[in-house]
Amino acid sequence: MSILSSRRARTAVVAVAAGALALAGCSSSDNGNSTNKSKDKKEAAAQSAAVKIGTAADSTGPAEEVTGAKPGGTVQVYEEDDFSHLDPGQIYVSDAGLLSKLIFRGLTTYKEDAKGGLTVIGDLATDAGKMSDGGKTWTYTLKDGVKDETGHVIDANDIRHTFERLYDPFITDGPSYIQQWLSGAGTTYRKAYTGPFKGKHLPDTVLATPDDKTVVFHFSAAQPDLPQALAMAGYSVVPEKTDTKAKYDTKPVAIGPYKVSEFKAGKSVKLVKNTNWDAKTDAMRHQYVDGFNIDINHDDEDQTKTILADRGDAKNAIMMTGQVATTQVQKVVSDPAAMKRTIQGYAPYVWQMNFNMDRLKDKKIRDAITYAMPSTAVYKADGGAYGGEVANSLMSPTTPGYQKDYDPFGRAKHPNGDIAKAKKLIEEAGAKGKKIVYAYANIPVRQQQAVLVENALGKIGLDVQKKEVDAATWYEQIGKVDNGFDIYMTGWGQDWSSASTVFPPLYDGTQIQDGASNYSHINDDHVNSEIVRIQKITDTAEATKAWTALNQYISEKVNPASPIYYTKVFQIAGTNVGGLRYSTVTSYTDPTRVFLKS
C-alpha cells in the first residue's frame, strides 16, 4: 500500500500523506539523543509478529467495552485533503481506509489487543474462514441478520456482487490481490471477465454461492493469506441493489456503525449513526459518539495549533491522517499535559527514491544517487525523530524478515549521505553534468525535501531538473510507464504482516503497466521467477527467509530504489476525547473506539 499522503488516489497513497508534515527548523527533540521518546525499532518489531487466526467465538459481538466510555456527542476531525474515494472497491489509501473502519464492513476484520497484537476474525462472516483443498478453497458463512443502512439484510449475492464488480473497468484504484487469485491470470484478470453489470457472473468453479448464507472461493493455487486480504478496506461489501457504479463514490451505503449524511467534495464529510447497525453482530467496532464532523483543508500546522489550543470544538477533536507539525513537536513533547493526549506508533511505510530504470540504465548512477541521499535531513523535514528515522533497507521494520543490521549502502555510518563515494561513482560512470528529472508532489514537505535532494545530487555532479506534480494526481502521473521522469519518491507499506504484499507489487516485472505499483519498472528474470516461487511456499517461516534473501538481491544486484526513511506517527487529540489508541491496522488513531468524556 503506498502513501503520499494516501495512495494515488490509487495504492494507498495520495491525498494525505503519512507523515506529510510542514518543514521548519529541527527542534532539540529531533536530534536523536537520549531525550527522544519517540517509538523505536523494538515497537516496530512487535508489529511484525504473525497475525493470529481467530475462532467463531472471537468473531462474536459485541466488541469489548472501552474503559470509561460514555455515549453521545460529536467528534470533530480535521483533515488536510479530501478523501481519495468513498467507494470501497476504489480504496487503497490510508485516508479513505481509515474512514472505512467507521462506515463499511467486510467478510473479515482485525481484533487488536492492548499491545497492538492482531487477530483476524469474522466480520460479516461467522469466523475467519474454513480452508480446504490445501488452501485452494475457502468457505465463509454469513452471520444472521446483518443489515445495511437501508435495512437490507446482507446475503451471499451481495458478497458475490462485491467481488464481481471489481472486474468492471470503472474500478481503477483498489487492491487486486483476490481478483488475480481468482482468475489465476495476474494483472490480466479482466481479459476473460469484465464484471456483473451485463448480467454475467463468475463461474461457480471460481466463486460460488450455494445458498443465501454461504460463499465459497476457489483458487488455482493455495492462498493461505486470504483472511488477511479480505480484511482490506478495498474488499468491504457493496450491497447489490444499491450499487450505483461510479456514483457510489460520492454516496456509499453503510453497513458499519456510521453512515454518510453529508458529503461536500473538498470541504467536509459528516457521519451520523447508522441505526441499522447491531453491536451484537460486530466484534470490533463501537458506536459511542453520535457522529463525526470531518472538515477538509486543514494542514498539519493548522491541525496541531488548533487542537493544542483546546478551545471549542477542538476539545472534541482527533486527527485522522494528520500529524503533529514539525514546528510544534518541541512544544508538544515538552508539555506533560499535552503528551497525555497524544498517540505514537511505527507506521509500516518505507519512503524510497525510485529510479526509472527505462531511463537510468547505468547501475553506477543509481548507486551514486543512493549513496548521496540525505536521509537524516529528509526525514527531519517530515516530523523529526517523531516522524521517522533513517531507512537501511527496502523492507520496513514492521515487515517479517526485516534485518536491522542489513545496511548495503552504509546508512549507519553515513545517515546523511556519503557524498565522496557517490561522487566517485558518477565520475566512473562518466555522468558528470548529466541531467536528472526529479518529480515531487506539490505539498510543503515534498517541496522542502526536493531542495535537500537537489543540493545533495548537485554536490556529486548531477544537474537536477525539478518537476512539481499535483499531489491529487501524484500516483497517476508517476504510475504511467512513460512518465517522463528519472527519479521520484514514493512510500509503500505492507497490506498485511507479510513481505508478499511488498515485493510482488513493487518489483514484479510482469506487472509493469500504467497504474501498476512497479514504479521503478524493474524487470529482472531472477526477481520475477523468485516472486513466483516464494508465493507458492505455504510455510510462513520459509517464505519469510526467502523474501529476506530476495530483498538482498534486489538491493545489491539491481538497486531499483533507494530507501530513505521509515515513517512514524505522532498525533494529538482534544482534552475531551477518550479511548485514544494507536492502531497497528491503520497506523493512526483508532476511530472505532473513541468517545467524549463529557
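Here, the structure is the one placed above.
Residues numbered from 1 in each chain as written. Predicted model: local features only at pLDDT ≥ 70, side-chain atom pairs only at ≥ 80, totals over all residues. Heavy atoms only, no water.

## Notes on the overall build of the chain
- Secondary structure assignment for the chain yields 16 helices and 21 strands.
- Against the 2.2 N^0.38 benchmark of 25 Å for 598 residues, the chain shows a C-alpha radius of gyration of 23 Å, consistent with a compact globule.
- Counting only C-alpha atoms and orienting by the principal axes, one finds that the chain spans roughly 70 × 55 × 40 Å.
- Looking at the chain as a whole, 62% of its 598 residues are labelled buried.
- Sequence separation of at least 24 residues holds for 75% of the intrachain contacts in the chain that already meet a minimum separation of 6.
- A total of about 22000 Å² of accessible surface is found on the chain, and carbon and sulfur atoms cover 49% of it. (Helix = DSSP H or I, 4+ residues; strand = E, 2+ residues; numbered from the N terminus. Rg over C-alpha atoms; globule rule 2.2 N^0.38 Å. Buried < 20%, exposed > 50% of the residue type's maximum accessible area, 1.4 Å probe, protein only. Contact = heavy atoms within 4.5 Å. Areas by Shrake-Rupley, 256 points an atom, 1.4 Å probe, with all protein chains shown as cover.)

## Let's talk about the pairing of strand β18 (residues 487–493)
- A large share of β18 lies buried, amounting to seven of its seven residues.
- In terms of strand pairing, strand β14 (residues 342–355) meets β18 through seven bridges, oriented antiparallel. Considered in β18, the bridge of Met353 is made with Met489.
- Pairing of strand β16 (residues 435–441) with β18, which is carried by two bridges, proceeds in the parallel orientation. For Ala439, the partnering residue across the bridge sits in β18 and is Tyr488. (Pairing = 2+ DSSP bridges.)

## Observations regarding unusual backbone geometry
- With an omega of 0°, the peptide bond running from Gly61 to Pro62 counts as cis.
- Relative to the elements of secondary structure, Pro62 occurs in the loop between β2 (52–53) and β3 (74–78).
- With a phi angle near 55°, Asp133 is a residue other than glycine that sits in the positive phi range.
- Along the polypeptide, Asp133 turns up in the loop between β6 (130–132) and β7 (137–141).
- Positive phi is not limited to glycine here, since His521 has a value of about 60°.

## Section: helix α3 (residues 156–164)
- For α3, a buried count of eight out of nine residues is recorded, marking the element as mostly surrounded by other parts of the structure.
- Of all the positions in α3, only Ala156, Asp158, Ile159, Arg160, His161, Thr162, Phe163 and Glu164 are classed as buried.
- Lining the buried residues of α3 we find α4 (177–183), β8 (207–211), β9 (214–218) and α5 (226–230).
- N-cap assignment for α3: the residue whose side-chain oxygen lies 3.1 Å from the backbone N of Asn157 is Asp155. (Polar contact = N/O pair within 3.5 Å; in protein donor to acceptor, adjacent residues only side chain to side chain.)

## As for the pattern of salt bridges
- Summed over the entire model, instances satisfying the criterion amount to 24 salt bridges.
- One salt bridge connects Lys363 with Asp367, and the closest N-O pair in it is separated by 2.8 Å. Of the two residues, Lys363 and Asp367 both sit in helix α9 (residues 363–372), four residues apart, roughly one turn of that helix.
- Look at Lys363 and you get partly exposed, because its relative accessible area is 24%.
- In this structure Asp367 comes out as buried when scored by relative accessible area, which is 12%.
- Lys466 is paired through a salt bridge with Glu454; the nearest N and O atoms lie 3.3 Å apart. (Salt bridge = Lys/Arg side-chain N within 4 Å of Asp/Glu carboxyl O.)

## Thoughts on the sheet that holds β8
- With antiparallel pairing, the four strands of this open sheet are ordered in space as β6-β7-β9-β8. Whereas interior strands pair on both sides, the edge strands pair on one side only; in this sheet they are β6 and β8. Strand-to-strand twist in this sheet, taken as the mean axis angle between neighbours without regard to direction, amounts to 20°.
- Where β8 and β9 come together, three bridges link them in antiparallel fashion. Residue pairing for β9: Leu207 is matched across the bridge by Phe217.
- Where α3 meets the sheet, its contacts fall on β8 and β9, and the angle it forms with β8 comes to roughly 170°. (Axes fitted to C-alpha atoms, helices over the stretch in contact; angles between N-to-C directions.)

## Brief notes about the side chain of His286
- Here His286 is to be found in the loop between β11 (268–273) and β12 (291–295).
- There is a polar contact of 3.2 Å between the side chain of His286 and the side chain of Tyr288.
- The contact partners of His286, leaving out residues within four places of it in the chain, are Ala63, Glu64, Glu65, Val66, Pro257, Tyr258, Trp277, Thr592 and Arg593.

## Section: the side chain of Asp508
- Among the secondary structure elements, Asp508 is positioned in the loop between α14 (503–507) and α15 (525–535).
- At 2.7 Å, the side chain of Asp508 forms a polar contact with the side chain of Thr510.

## Observations concerning the packing of α15 against helix α16 (residues 540–558)
- Here α15 crosses α16 at 170°, and the two axes come no closer than 10 Å. Between α15 and α16, the angle falls in the class roughly antiparallel. Every residue of α16 that contacts α15 at His526, Val527, Glu530, Ile531, Arg533, Ile534 and Gln535 is listed here: Ala543, Ala546, Trp547, Leu550, Tyr553 and Ile554.
- Taken together, the residues that form the contact of α15 with α16 break down as nine nonpolar, two polar and two charged. (Parallel < 35°, antiparallel > 145°, perpendicular 65-115°, else oblique. Nonpolar A, V, L, I, M, F, W, Y, C, P; charged D, E, K, R; others polar.)

## Some remarks on the packing of aromatic side chains
- This model, assessed by the stated rule, comprises 24 aromatic pairs.
- Seen from their ring centres, Tyr140 and Phe217 are 6.1 Å apart, and the 90° between their planes marks the pair as edge-to-face. In this pair, Tyr140 is assigned in strand β7 and Phe217 in strand β9, connecting sequence segments 77 residues apart. This pair shows no difference in class: Tyr140 is buried, exactly as Phe217 is.
- Chaining the aromatic ring pairs together yields one cluster made of Tyr140, Phe163, Tyr177, Trp181, Phe217, Phe219, Tyr235 and Trp496.
- One residue, Lys245, lies across the ring of Phe197, its end atom 4.7 Å from the ring centre. (Phe/Tyr/Trp six-rings, centres within 6.5 Å; stacked < 30°, edge-to-face > 60°. Lys NZ or Arg CZ within 6 Å of the ring centre and 35° of its normal.)

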